[in-house]
Amino acid sequence: MKKIALILCGAFIYLASYGQAVNDKAVIPVSVNLNQILRLNIVSGGNIEFTFNTITDYTGGLTGTQYQTTFNVTSSVIYDVNFYSESANMQGNDDAANTIASGFVALSVTDNAGGATVDATWQLLDDIVGIGNQATLIDASPAGAATAAANQWVVSWECATANTDGSLLGQPADRYSVNTFIVVSGN
Amino acid sequence: MRQKLFCILLFLILFLCHDLIAQWTPGPGNQDTLTLSLLSGGYVSFKYTSIDAVENGITYTNWTNFNLYFDDEDNDDQVKLTCYANTANLDGEQSNTMALSQIEVRAICSGCSGDVTQTSWQTLTTSPGVDLLTGIEGSVGGGSLNYNIYIDYRCGNSGLINQPNDYYYVDIIFDVE
């Protein structure tokens with residue numbers, strides 16, 4: 001009987017192992033990690049210096065292509081660009097008691113026709129003081145690389161012109177400065 | 001004597017049942033064996049950290065390496081390698097979704113010959129999926145063959161601009177039959 005049991009056991013194992021696999025599967029998990037890309041790069045005009053040397057400068061103000069900031073944006077999503085200034089006043093470097101309103105300086109963004117909604121009106125710096133008062137001058141710009149024309153921007157600056165608080169005649173001579181911030185954020 | 005006779009009868013029964021059982025076995029043929037073994041590249045991760053990658057996609061070549069063992073006893077069958085996704089989209093952890101069509105797959109069969117056809121980039125779909133290799137045969141005259149198969153992946157070849165940022169995931173099932 002033992003022999004029979006062994007034979008049956010062997011036969012069972014043989015039959016059980018007979019049906020080999022005729023198809024097979026493998027599972028590969030795939031993940032995609034999308035990090036938001038938002039980068040601003042100042043190409044030129046990172047420091048705008050208005051120098052008043054003549055009475056015409058005082059009466060007419062300073063404007064022109066030499067007073068421009070060029071920047072570009074690299075973004076993986078539709079983005080906005082906001083602007084705000086640090087202070088409502090510009091303080092004199094030589095004499096801290098000297099101040100003039102930062103509204104003597106104004107900025108304007110040129111529409112690059114890249115699809116964004118651009119507010120090209122002149123913005124007085126004392127109207128956009130602080131992050132809470134930032135002005136969205138570039139709204140819903142298409143995403144893409146900085147090399148794309150749609151992501152290259154020019155900001156024009158003027159001082160003491162008709163687009164600003166007006167003439168600087170009568171203001172104490174000094175070197176006045178204020179910081180202006182450019183903020184890129186996802187739309 | 002009776003025991004010996006019983007044993008002989010039992011062997012005879014088993015021998016006769018052998019072919020019957022083989023015919024019940026589903027698949028390409030009797031006693032065939034088909035095994036897909038993962039050698040390397042069991043996980044694919046696309047990480048986007050540059051705008052170039054977002055605009056033009058990321059491609060990984062020879063990322064996954066399979067060994068396909070095919071023992072075709074009758075030398076009368078062909079099998080194929082297919083792949084499909086287990087979900088209709090790539091699901092994001094923040095409830096965003098990405099279309100499966102952003103993922104493309106192709107298979108390169110090293111040393112394959114005969115009727116084996118390698119398809120070009122295939123867009124990922126749900127089951128039954130897409131064919132990556134077809135016409136895979138066992139050896140001439142019967143016997144087994146080992147195939148070395150590499151899988152290439154690419155993601156976002158048509159751009160992922162404006163795709164919400166998230167961690168997306170999907171399982172790709174590779175099937176040989």
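Provided above is the structure to which this section pertains.
In every chain, residue numbers begin from 1 and rise along the written sequence. Numbering of ligands from 1 and lettering of chains from A proceed in the order in which they are written. Local features are withheld for residues below a pLDDT of 70 in this predicted model, meaning they are given only at 70 or higher, and side-chain atom pairs are given and counted only at 80 or more; totals for whole chains, interfaces and linings count all residues. Derived side-chain values reflect all non-hydrogen atoms in the structure, with water molecules and hydrogen atoms excluded from consideration.

Novice: Would you mind going over the overall build of chain B with me for this structure?
Specialist: In terms of helices and strands, chain B carries two helices and 12 strands. With 177 residues in all, chain B has 44% of them scored as buried. Any two residues having at least one pair of non-hydrogen atoms within 4.5 Å are treated as being in contact. Taking contacts inside chain B between residues at least 6 apart in sequence as the whole, the part at least 24 apart equals 77%. Carbon and sulfur atoms make up 51% of the accessible area of chain B, which amounts to about 8900 Å² in all. Labels follow the DSSP assignment, with helices taken as runs of H or I lasting at least four residues and strands as runs of E lasting at least two, numbered in each case from the N terminus. Buried means the residue's accessible area, taken with a 1.4 Å probe over protein chains only, is under 20% of the maximum for its type, while exposed means over 50%, and partly exposed covers the values in between. Using a 1.4 Å probe, accessible areas were evaluated by the Shrake-Rupley method; residue-level cover was limited to the displayed protein chains.

Novice: Sorry if this is basic, but what is going on with the sheet that holds strand β3 (residues 68-75) of chain A here?
Specialist: Pairing between the strands of a sheet is mediated by backbone hydrogen bonds and can be parallel or antiparallel. One bridge is not enough; two strands pair if DSSP finds at least two bridges between them. Spatially, the five strands line up as an open sheet ordered β2-β3-β11-β7-β9 (chain A), and their pairing is antiparallel. For this open sheet the edge positions go to β2 (38-44) and β9 (123-124) of chain A, each flanked by a neighbour on one side alone.

Novice: Please explain the layout of surface pockets as it appears in this structure.
Specialist: Empty space among the atoms becomes apparent when a probe as large as a water molecule is rolled across them. Residue and element names in this part refer to chain A. For the largest pocket, the calculated volume is near 790 Å³. Here a cavity denotes grid points, spaced 1 Å and computed from the protein atoms alone, that fit a 1.4 Å probe unable to get out, and a pocket denotes an open set having protein on both sides within 12 Å along at least 5 of 7 lines; residues with an atom within 4 Å of a point are the lining. Residue lining of the largest pocket: 30 residues in total, with I48, E49, F50, Y176 and S177 positioned closest to the centre. Here the residues of the lining of the largest pocket are counted per class, giving 18 nonpolar, nine polar and three charged. Grid points are joined across faces, edges and corners, and a volume is the space filled by probe spheres set on the points. In this classification, the charged set is Asp, Glu, Lys and Arg, the nonpolar set is Ala, Val, Leu, Ile, Met, Phe, Trp, Tyr, Cys and Pro, and all remaining amino acids, among them Gly, are polar.

Novice: I tried to follow unusual backbone geometry on my own but got confused; where do I start?
Specialist: Here the residue pair S127 of chain B and P128 of chain B is connected by a cis peptide bond, since its omega of 10 degrees sits within 30 degrees of zero. Even without being a glycine, A113 of chain A presents a positive backbone phi close to 60 degrees. Among the secondary structure elements, A113 of chain A is positioned in the loop between β7 (105-109) and β8 (117-118). With relative accessibility at 72%, the residue A113 of chain A sits in the exposed group. In this structure, N62 of chain B takes a positive phi of about 55 degrees despite not being glycine.

Novice: Sorry if this is basic, but what is going on with the environment of I48 of chain A here?
Specialist: All names here are of chain A. By secondary structure assignment, the location of I48 is in the loop between β2 and α2 (55-60). When the C-alpha atoms of I48 and Y176 are compared, they prove to be 11 Å apart, with 128 residues separating the residues in sequence. I48 has contacts with Y67, Q68, T69 and W157, leaving out every residue within four places of it along the chain.

Novice: For this particular structure, what's the right way to read the packing of aromatic side chains?
Specialist: The way to describe two aromatic rings as a pair is by their centre distance and the angle between their planes. Residues and elements named next belong to chain A. Side-chain rings of Phe, Tyr and Trp (the six-membered ring for Trp) are treated as a pair once their centres are within 6.5 Å; stacked means planes under 30 degrees apart, edge-to-face means over 60, and tilted covers the remaining angles. Summed over the entire model, instances satisfying the criterion amount to eight aromatic pairs over all chains. Residues Y84 and F181 carry aromatic rings whose centres are separated by 4.9 Å and whose planes lie at 20 degrees to one another, so their mutual orientation is stacked. Of this pair, Y84 sits in strand β4 (residues 79-85) while F181 sits in strand β13 (residues 180-186), and the two are 97 residues apart along the sequence. Taking relative accessible area as the criterion, Y84 reaches 14% and is therefore assigned buried.

Novice: What's the story with the sheet that holds strand β6 (residues 99-101) of chain A in this structure? I'm lost.
Specialist: Residues and elements named next belong to chain A. Strand order in the open sheet formed by three strands is β6-β5-β12, with antiparallel pairing between adjacent strands. At either margin of the open sheet sits one strand with a lone partner, and together these are β6 and β12 (176-177). Where strand β5 (residues 89-92) lies against β12, two bridges are found, and the strand directions are antiparallel. Of the residues in β12, the one forming a bridge with Q91 is S177.

Novice: I keep staring at the environment of M98 of chain B and nothing clicks. Help me out?
Specialist: Secondary-structure assignment places M98 of chain B in strand β6 (residues 97-99). For M98 of chain B, a relative accessible area of 0% translates into the label buried. Distance from M98 of chain B to P164 of chain B, taken between C-alpha atoms, is 8.7 Å for residues 66 residues apart in sequence. Ignoring anything within four residues of it in the chain, the contact list for M98 of chain B reads V32 and L34 of chain A together with N89, L90, L160, Q163 and Y168 of chain B.

Novice: Sorry if this is basic, but what is going on with the pattern of salt bridges here?
Specialist: Oppositely charged side chains can form a pair if their charged atoms are brought close together. A carboxyl oxygen of Asp or Glu within 4 Å of a side-chain nitrogen of Lys or Arg is what we treat as a salt bridge. The final tally for this structure, using the stated rule, is five salt bridges over all chains. Between E49 of chain A and R175 of chain A there is a salt bridge; the shortest N-O distance is 2.9 Å. With E49 of chain A in the loop between β2 and α2 and R175 of chain A in the loop between β11 (152-159) and β12, the pair connects residues that are 126 residues apart, well separated along the chain. Owing to a relative accessible area of 36%, E49 of chain A belongs among the partly exposed residues under this scheme. Between E104 of chain B and R154 of chain B there is a salt bridge; the shortest N-O distance is 2.8 Å. On the criterion of sequence distance, the pair formed by E104 of chain B in strand β7 (residues 103-110) and R154 of chain B in strand β11 (residues 143-155) is long-range, its members being 50 residues apart.

Novice: Would you mind going over the pairing of strand β4 (residues 78-85) of chain B with me for this structure?
Specialist: Each regular strand shows side chains that alternate between the opposite faces of the sheet. Residues and elements named next belong to chain B. Burial runs high along β4: six of the eight residues are buried. Examined bridge by bridge, β4 and strand β10 (residues 130-137) share five bridges and lie antiparallel to one another. For C83, the partnering residue across the bridge sits in β10 and is V130. In terms of strand pairing, β4 meets strand β12 (residues 167-176) through five bridges, oriented antiparallel. For A85, the partnering residue across the bridge sits in β12 and is I172.

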